[in-house]
Amino acid sequence: MNISFNWLRDYLSFDMNPGETASALTSTGLETGAIEEIQTVKGGLEGLVAGEVLTCTEHPDSDHLHLTTVNIGAGEPLHIVCGAPNVAAGQKVIVATVGTTLYDGDKEIKIKKSKIRGHESFGMICAEDEIGIGTDHSGIIILPDDVPVGTPAKEYYKIENDFVLETDITPNRIDGASHIGVARDLAAYLKQAGKRYEFKKPSVDAFHIDDPSPAISVEVKNAEACIRYSGVTIKGVTVKESPDWMKNRLTAIGLRPINNVVDITNYVLHELGQPLHAFDAEKIKGGKVVVGTVSEGTKFVTLDNVERTLTNQDLMICNVDEPMCIGGVFGGLDSGVTENTKDVFLESACFNPTWIRKTARRFGLNTDSSFRFERGLDPNGTIYVLKRAALLIQELAGGKITGEIQDVYPVKIEPFNVNIAYKKINALAGKEIPSDTIKSILSSLEIEIASETPEGLSLRVPVYRYDVRREVDVIEDILRIYGYNNIEFSDHIRSTLSYQTPTDKSYKLENLISEQLCGAGFNEILNNSLTRSAYYDDLSAYPAANCVMLRNPLSADLNVMRQTLLFGGLQSVEFNIKHKNRNIRFFEFGNCYTCNEERRKEGEALSVYKEDYRLGLWISGNRTENNWTHPNEKTSVFELKAHIENIMRRLGINVEKLVWDNSDNDIYSPGMIIATPSGHNIGTFGIVGRKILKSMDIENDVFFAELSWNVLIRESKKLRITSGDIPKFPEAKRDLALLIDKNVTFADIKKIAWESERKLLKDVILFDVYEGKNLTPGKKSYAVSFCLQDREKTLNDREIDAIMSKIQKKLEEKLGAQLR
């Protein structure tokens with residue numbers, strides 16, 4: 001949320017700069033991530049002053065230029081050549097002196113001493129569009145005669161620079177989603193820090209009914225969804241442009257001014273945190289607002305000109321004939337305030353958070369109003385906010401407050417009662433905090449002390465603090481204002497015996513592999529475990545039917561739990577490629593989830609669900625690039641396979657004993673599956689299918705591997721470290737050039753070789769592959785090296801030939817291999 005520093009100072013007088021303010025807010029739990037300087041006019045009109053034209057004569061060598069002398073209140077009058085048709089002696093004008101920078105969009109124009117057709121010019125007399133305060137370029141700005149010469153233009157136009165603080169509001173701190181809420185926390189901080197401050201809220205004492213005549217009435221038909229509904233009618237308003245001060249406040253925090261009435265509702269929303277809605281009273285048929293639900297399937301056109309189909313679970317603000325607004329979410333197209341509006345009905349309400357959240361998700365809407373209503377607002381504050389907005393409307397749009405305030409509040413919500421013990425506070429804090437300090441902090445947070453005993457306090461917590469319900473919640477509030485940095489570390493050491501759990505060991509190995517991958521050039525990513533169900537449409541390996549669906553998803557893009565790490569990683573790949581980072585090395589550890597009805601067991605509701613912790617790898621782009629010692633080389637699936645083998649070796653898994661086979665997983669084209677000798681799947685890897693890449697807007701090849709971390713950890717436990725003498729006898733190598741069918745893999749050859757000779761065969765290496773002319777169609781040639789070694793003696797040719805003959809025979813029998 002954006003907080004204007006100048007706006008904040010309207011309610012809180014204090015002596016801190018924006019940087020210090022950001023640090024203070026962060027320490028109280030309202031983390032401020034960025035500070036941005038805002039200028040209502042680019043450049044702040046620096047270097048521009050009010051001047052008086054003393055003389056004005058025509059340029060002898062031009063039919064439109066004028067030679068002027070201008071007094072700017074400092075030094076000698078300036079000689080300025082001016083081309084404006086309306087310049088004349090005796091005028092008060094705006095002058096850009098030499099050295100001033102003007103802005104035309106992003107283009108900078110620096111005013112320099114110049115010579116125009118033989119006459120020197122020491123500045124520029126400006127038009128509106130040249131200094132950014134308007135669009136008129138028909139002539140120079142002519143100021144009123146009473147403007148003092150030398151007045152800085154920024155003072156005359158009341159230009160103020162502002163700073164915007166970007167605060168991150170956690171879901172439980174909706175009370176901080178307004179300038180008053182932030183000012184309240186900052187005031188509590190200043191009080192605890194012993195700094196000077198003055199905190200004041202806008203007064204509504206001037207509110208009164210101008211005309212007691214009956215106006216718009218209110219009926220609430222659904223008290224569950226509408227906790228409180230307040231409204232008032234204001235007649236005879238003039239809808240027009242808002243004054244500069246209000247437009248500056250709104251534009252500073254990123255809002256677009258519309259008109260004075262609508263701007264006031266937005267202003268009060270960000271001032272006090274309470275959403276408002278202004279209706280054109282003439283469009284409220286029957287002179288009555290009805291709050292309730294409508295029939296299932298009712299069509300309704302919202303403010304964005306989209307027709308939506310309502311359900312009987314959507315709270316609507318209606319007139320006697322039809323709905324006008326989706327309560328707490330979005331306005332209707334035909335009931336809002338326009339430039340022709342004369343009478344306004346102003347709404348200030350408190351709606352049930354659950355109802356608003358479900359409706360907002362149902363329609364995919366996320367507005368400033370729904371954001372606040374979803375998190376819970378203070379029903380006891382609607383009247384104060386209503387009066388504040390009504391007074392602003394009278395100030396900026398005129399009109400008379402007509403009729404009594406309409407207020408429907410069936411069940412009043414009282415402050416929450418919480419008891420706290422000093423002993424518990426000190427125990428959780430780790431130090432003894434004086435009771436006077438505790439009471440001072442509670443008072444500054446508007447938490448009322450109902451009664452006190454030597455042991456503790458009985459408190460009444462304001463309704464707007466939805467996050468403070470328990471003793472520990474109050475203690476957390478006390479500590480964030482007291483300052484966690486003020487909790488000293490004790491010299492006393494407390495220790496307990498501990499032992500390493502399987503989770504600890506898994507975490508240690510996870511860090512080990514992470515470090516290895518980072519050393520190999522990978523970057524770790526972390527993606528949301530919520531994803532789109534559409535990714536799983538038409539997939540057989542991860543069918544959509546096996547997705548764990550969310551009952552109340554945040555959006556259609558986050559409506560299921562992920563079945564695979566693939567798609568989150570591809571989003572990261574796509575983002576990086578579009579930002580010119582084409583050589584990708586990513587890895588991620590994360591949970592994946594499935595739901596399979598075939599696993600259901602009687603009386604076990606969770607039996608259908610499965611959670612698996614996995615490691616994902618993504619590589620794409622070039623393996624080497626812009627290296628004078630090595631030409632550019634594209635990455636490949638074999639590089640990915642090497643990383644997989646390195647991971648397994650680091651975990652102590654015997655790669656040679658694993659089963660590597662072709663996979664029918666349809667996320668790959670092609671892919672392989674890795675399994676243990678006992679048949680447990682470790683994972684898959686391969687080239688991501690072109691259809692999937694196209695759907696993610698990725699043109700480059702992407703190589704992906706997904707390994708089950710739980711299976712890897714289980715296999716790593718089988719590691720038994722043994723030692724022995726270095727072999728004294730040499731190994732022997734024999735090569736075979738095999739002609740085989742194209743569908744035969746090296747893994748098939750390797751498997752048969754190991755089965756043929758288990759004792760003396762030490763390694764099988766593929767060192768050449770040939771597919772091309774001079775071969776029988778459907779065939780390919782593999783050149784394979786076999787390494788043999790006996791630890792007890794040197795192998796002779798007869799023994800080697802016998803072993804090679806046995807291997808060759810098995811290859812011929814099982815694979816149809818032929819020697820070339």
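Residues numbered from 1 in each chain as written. Predicted model: local features only at pLDDT ≥ 70, side-chain atom pairs only at ≥ 80, totals over all residues. Heavy atoms only, no water.

K.L.:
Would you mind going over the overall build of the chain in detail, with residue names and values included?
P.N.:
A count of helices and strands for the chain gives 20 helices and 45 strands. Computed over the C-alpha atoms, the radius of gyration of the chain is 38 Å, more than 25% above the 28 Å expected from 2.2 N^0.38 for a compact globule of 820 residues. Principal-axis analysis of the C-alpha atoms gives the chain an extent of 115 × 85 × 65 Å. Within the chain, buried positions represent 48% of all 820 residues. Contacts in the chain between residues far apart in sequence, at least 24 positions, make up 69% of those at least 6 positions apart. When the accessible surface of the chain is summed, it comes to about 42,100 Å², and 48% of that surface belongs to carbon and sulfur atoms. The averaged location of the 116 negative side-chain charges in the chain is 8 Å from the averaged location of its 98 positive side-chain charges. (Helix = DSSP H or I, 4+ residues; strand = E, 2+ residues; numbered from the N terminus. Rg over C-alpha atoms; globule rule 2.2 N^0.38 Å. Buried < 20%, exposed > 50% of the residue type's maximum accessible area, 1.4 Å probe, protein only. Contact = heavy atoms within 4.5 Å. Areas by Shrake-Rupley, 256 points an atom, 1.4 Å probe, with all protein chains shown as cover. Lys, Arg positive; Asp, Glu negative; His and termini not counted. Charge placed at Lys NZ, Arg CZ, Asp CG, Glu CD.)

K.L.:
Describe empty space enclosed by the protein, naming the residues involved and giving the relevant values.
P.N.:
The final tally for this structure, using the stated rule, is one cavity of 30 Å³ or more. Considering the residues around the largest cavity, the lining is formed by S4, I38, Q39, T40, E160, D162, N248, R249 and A252. Only β3 (31-39) and α6 (244-252) provide two or more residues apiece to the lining of the largest cavity. If one sorts the elements of the lining of the largest cavity by residue count, α6 sits on top with three residues. A per-class count over the lining of the largest cavity returns two nonpolar, four polar and three charged. (1 Å grid on protein atoms, 1.4 Å probe; cavity = no way out; pocket = protein on both sides within 12 Å on 5 of 7 lines; lining within 4 Å. Points joined across faces, edges and corners; volume = space filled by probe spheres on them. Nonpolar A, V, L, I, M, F, W, Y, C, P; charged D, E, K, R; others polar.)

K.L.:
So what's going on with the layout of surface pockets? Which residues, and what values?
P.N.:
In this structure, the largest pocket occupies an estimated 1,600 Å³ of space. Taken together, 43 residues make up the lining of the largest pocket; nearest its centre are K641, W660, F746, A747 and K750. Of all the secondary-structure elements, those providing two or more residues to the lining of the largest pocket are α16 (637-650), β38 (659-663), β39 (668-675), β40 (681-688), α19 (746-756), β43 (761-770) and β44 (779-788). The element best represented in the lining of the largest pocket is α19, accounting for seven residues. Here the lining of the largest pocket is built from residues that sort into 21 nonpolar, seven polar and 15 charged. Of the voids in this model, the second largest pocket is the one considered here, and its volume is about 810 Å³. Along the wall of the second largest pocket there are 31 residues; nearest its centre are V262, T265, N266, H277 and L303. Breaking the lining of the second largest pocket down by element, the ones donating at least two residues are α7 (260-272), β18 (276-280), β23 (323-326), β24 (330-331), β25 (343-351) and α9 (368-373). Counting residues per element, the lining of the second largest pocket draws most heavily on α7, at four residues.

K.L.:
Outline the pairing of strand β14 (residues 161-168), supporting the account with residue identities and numerical values.
P.N.:
For strand β1 (residues 2-4) and β14, the ladder comprises three bridges, and the chain directions are antiparallel. By the bridge assignment for β14, N2 is matched with E166. In this structure, β3 lies alongside β14, joined through eight bridges in antiparallel fashion. By the bridge assignment for β14, T32 is matched with T167. (Pairing = 2+ DSSP bridges.)

K.L.:
Outline the packing of aromatic side chains, supporting the account with residue identities and numerical values.
P.N.:
All told, the structure shown has 14 aromatic pairs when counted by the stated rule. Ring centres of W245 and Y267 lie 5.7 Å apart, and the angle between their planes is 90 degrees; this geometry places the pair in the edge-to-face category. With W245 in helix α6 and Y267 in helix α7, this residue pair connects regions lying 22 residues apart in the sequence. Exposure remark for W245: the relative accessible area of 35% places this residue in the partly exposed category. We classify Y267 as buried; its relative accessible area is 4%. (Phe/Tyr/Trp six-rings, centres within 6.5 Å; stacked < 30°, edge-to-face > 60°.)

K.L.:
Residues and numbers for a negative patch on the surface, please.
P.N.:
Taken together, E31, E36, E166 and D168 make up a surface patch of like negative charges. Mapped by element, the contributors of at least two residues to the negative patch are β3 and β14. Locating E36 in the fold gives a position in strand β3. Classification of E36 by relative accessible area gives partly exposed; the value is 48%. (Patch = residues over 30% accessible without salt bridge, like charges linked within 9 Å, V, L, I, M, F, W, Y side chains within 5 Å. Salt bridge = Lys/Arg side-chain N within 4 Å of Asp/Glu carboxyl O.)

K.L.:
How would you summarise the state of the cysteines if you had to cite specific residues and measurements?
P.N.:
The tally for this structure, following the rule as stated, stands at zero disulfides. Not engaged in a disulfide, the cysteine C325 finds its nearest cysteine sulfur in C318; these two sulfurs lie 9.4 Å apart. (Disulfide = S-S within 2.5 Å.)

K.L.:
A description of the sheet that holds β3 should follow, citing residues and the corresponding values.
P.N.:
Pairing is antiparallel in the open sheet, where three strands are placed in the order β1-β14-β3. Because the sheet does not close on itself, it has two edges, and the strands there are β1 and β3. Neighbouring strand axes in the sheet, compared pairwise and without regard to direction, differ in orientation by 30 degrees on average. (Axes fitted to C-alpha atoms, helices over the stretch in contact; angles between N-to-C directions.)

K.L.:
Describe in detail the nonpolar core, supporting the description with residues and values.
P.N.:
Within the largest apolar cluster, 50 residues are counted, with the highest numbers of intra-cluster contacts made by F14, L186, V261, I264, Y267, V268 and I393. With nine residues, helix α10 (residues 382-397) is the largest single contributor of residues to this core. In this structure, V268 is in contact with G273, Q274, L276, V385, R388, A389 and L392, ignoring residues within four places of it in sequence. Counting 34 residues, the second-largest nonpolar core is a separate cluster that includes I174, I216, L315 and V329. (Core = buried A, V, L, I, M, F, W, Y, C linked by side-chain atoms within 4.5 Å.)

Read these as layout, nothing more, since geometry by itself doesn't imply function.
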